[in-house]
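Residue-level structure breakdown
Here's the letter readout for the chains.
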Amino acid sequence: MDTPANSQVVEKYSEDSGKRQLTGFWFMVTRLAAVSMALFHLYTAVTGPVNTQNAIHLLFALPLIFLAYSCRARDANRIPWYDLVPILLGAVVSAYYVIHFDRILYQLGYLMPTTLDIVFGISAILLLLESCRRAIGLAFPVLVLIALAYAAFGQHLPGVWGHGGFRWDDLIATFYLSPTGVYGSLMRTSSTVIVIFIMFGALLVTTGGGDTFMRLSNAVTGGMAGGPAKAATLCSAMFGSISGSTAANVATTGVFTIPMMKKNGYSPRFAAATEASASTGGQILPPIMGAAAFVMADVISTSYLEIIGAALIPALLFYLAIWMSVHFEAKRLGLNPIPKSERPTLRQGLLNIETLVIPLAVLITLLVMRYTPTTAAVAAYFTALALYLFSWRSPGTLLDRLKSLPAALEAGAMTAAMIAVIIGSVAIIASVISLTGLGLKVSSVILVVSGGDVLITLLLAMVVAIILGMGLPTVAAYMLAASVVAGAFIEAGLPSLSSHLFILYFAILSGVTPPVALAAYIGGAIAGSHWFRTALTATKISLGGFLIPYMFIYHPPLLGNGTLLEIAMAVGSGVLGIIALAASTIGYFRRPCSWLERGLLLAAALMLISGQMITDVVGIALIGGLFAWQSLKHRQAVGTPARPTPDKEPAR
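Throughout what follows, the structure given in this document is the object of discussion. (Residues numbered from 1 in each chain as written. Predicted model: local features only at pLDDT ≥ 70, side-chain atom pairs only at ≥ 80, totals over all residues. Heavy atoms only, no water.)

**A look at the overall build of the chain**
A tally of regular secondary structure across the chain gives 28 helices and zero strands. What you see for the chain is a C-alpha radius of gyration of 25 Å, in line with the 26 Å of a compact globule of 652 residues. Its C-alpha atoms give the chain principal-axis dimensions of roughly 85 × 65 × 50 Å. Of all 652 residues assigned to the chain, the portion counted as buried reaches 56%. (Helix = DSSP H or I, 4+ residues; strand = E, 2+ residues; numbered from the N terminus. Rg over C-alpha atoms; globule rule 2.2 N^0.38 Å. Buried < 20%, exposed > 50% of the residue type's maximum accessible area, 1.4 Å probe, protein only.)

**As for the pattern of salt bridges**
Applying the stated rule across the entire model yields eleven salt bridges. With a closest N to O distance of 2.9 Å, D117 and R103 form a salt bridge. Remark: R103 occurs in helix α5 (residues 101–106) and D117 occurs in helix α6 (residues 115–136); sequence separation between them is 14 residues. Since its relative accessible area comes to 1%, D117 is described here as buried. Take R103: its relative accessible area is 22%, and that puts it in the partly exposed class. If you follow the salt bridges from partner to partner, you end up with R20, D83, E130, R133 and R134 in one network. (Salt bridge = Lys/Arg side-chain N within 4 Å of Asp/Glu carboxyl O.)

**Describing the side chain of Q53**
Secondary-structure assignment places Q53 in helix α3 (residues 53–68). The buried category is assigned to Q53, whose relative accessible area is 1%. Engagement of the side chain of Q53 in a polar contact is seen with the side chain of T44, the distance being 3.0 Å. Not counting residues within four places of it along the chain, the set of residues in contact with Q53 comprises F40, H41, T44, R188, S191 and T192. (Polar contact = N/O pair within 3.5 Å; in protein donor to acceptor, adjacent residues only side chain to side chain. Contact = heavy atoms within 4.5 Å.)

**Quick look at the packing of helix α26 (residues 564–586) against helix α27 (residues 595–607)**
It is at 8 Å that the axes of α26 and α27 come closest, and there the two elements cross at 150 degrees. One element, α26, and the other, α27, form an angle in the roughly antiparallel class. Seen along the crossing, α26 lies across α27 with a hand that is left-handed. Residues G577, A580, L581, A583, S584, T585 and I586 of α26 form the contact with α27, whose participating residues are R598, L601, L602 and A605. In the contact of α26 with α27, the residues fall into seven nonpolar, three polar and one charged. (Axes fitted to C-alpha atoms, helices over the stretch in contact; angles between N-to-C directions. Parallel < 35°, antiparallel > 145°, perpendicular 65-115°, else oblique. Left-handed = near helix turned anticlockwise from the far one by under 90°. Nonpolar A, V, L, I, M, F, W, Y, C, P; charged D, E, K, R; others polar.)

What follows is the structure, encoded as structure tokens:
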């Protein structure tokens, strides 16, 4: 049944599933807390971070999560008295760290914890677990609890998985007070870099960027075959590159794009899968990349600019894979473009585009000039703010625009607060993995099983990353997978940057991979299609994303490493491989494909992975030969084939 967006189901499975709908006094308190957090970080981004920046960051974030997210469904419109305890305690545990900062760090107090240190440390861990449960669900807190149990009792495990054991008070002190704990370097990245980029993205979206993306996408692609699906791909790419959240991307853009795709003739399942795949890709597309780029820069000690430079070509190839999949599906079904009367003109699509383009140009220019990411983001933020407030083409009066700013600040602060509590919890897992040597143990098992073979190592790491990333936001999925399997790549002699990008891809692709497939859940809810069939279709559409990481491991020029000729040749073979893969999975190239033709196209795509001249030549020859053969058969066909009908979904 072609149902409209099912907002209740979308809310159930989105990352904001427990978010309160407050009014009156508590709404004002929550907004004041969020705006205060945003203004503090804007101020310190301009003047420079303070010594206790990390703790103040979490001092805002923890109470804000407990204000905004309910413990139970029946508290969705109110804050019960017992929620005041975590709200106040969330501020106190970080305030305690701020007050005792000199003793803890400069006098090495984390090595000699007091009783009060332990009490507040236990409180901080419990608060982080509960805040993550409220904001993103139960899966991630369970993983943290498993890690804590392993640290506390792992000495009783036999063989390679056991460790020497630790005193419980030493563990608490390490997690709460040490430079590698909750307030450590990962939180520093969140409190100084991620928060500004998230606020920049929220400003662009809240002040009309989402509408601009949608208009422009429809104007550019509406006249093409399968235009609505291509518009969804383009819009989700633009929105996802700055939103930092797969679930938010699907829920925000999907309510417009999915009904439009269904109206054009795509099946509900394919429409939902397209939106889920395109939204997932936003987490690998610069500049924000789901905030993982900033964490990755800290983990592998490289520049943020180098990471987004390396990530750009593979991300564009991923979107090419989705684009070609929806194109071949449109051709297979004989779908027509959007009628001219129903799509915006290019002039309408470009309306207010300067409020998006100029800030992004400022951001990229300053990054290229080697300014810090924080400086570049602050400059881009205030550029976007000035354009929104003073452009004569911005909607409403100046007073109306000023009134909309608190909502933009609140939206940015809420997302930043969610990422902060996730990073605080990830820091606990990372500390456990470091203390116990678990990452080295998993890596050694992978290497033993693979026998040192790079391809088998990559396949095993892919499976581990997908499993560990299931149901988790981008930062948590990447950090957890990297902590466990990155050592195997180092032992196999693979470069650090390409290894971590490989891990990021597969941790993110768990969003469309059954059995969890959060993006497919939300897309299916909007489309009225079964989530599991949607997830399988999304996996098929995203298959290029499973191929691309292997391509850039074997083709380093895809990450920008090499001469212009080498990069051009790698991109050319990558483009051909992606097109062949999409044609194989959809079953259409120049015309419908037989199973033999699909198998040959798949073989050609796989041959273009290794980067060797002989396999590239054979792969290109196969693609060229099949294209010529199908073109000949197409010309010989008599009459017009009957238009296939889209798959029908059972009523829900």
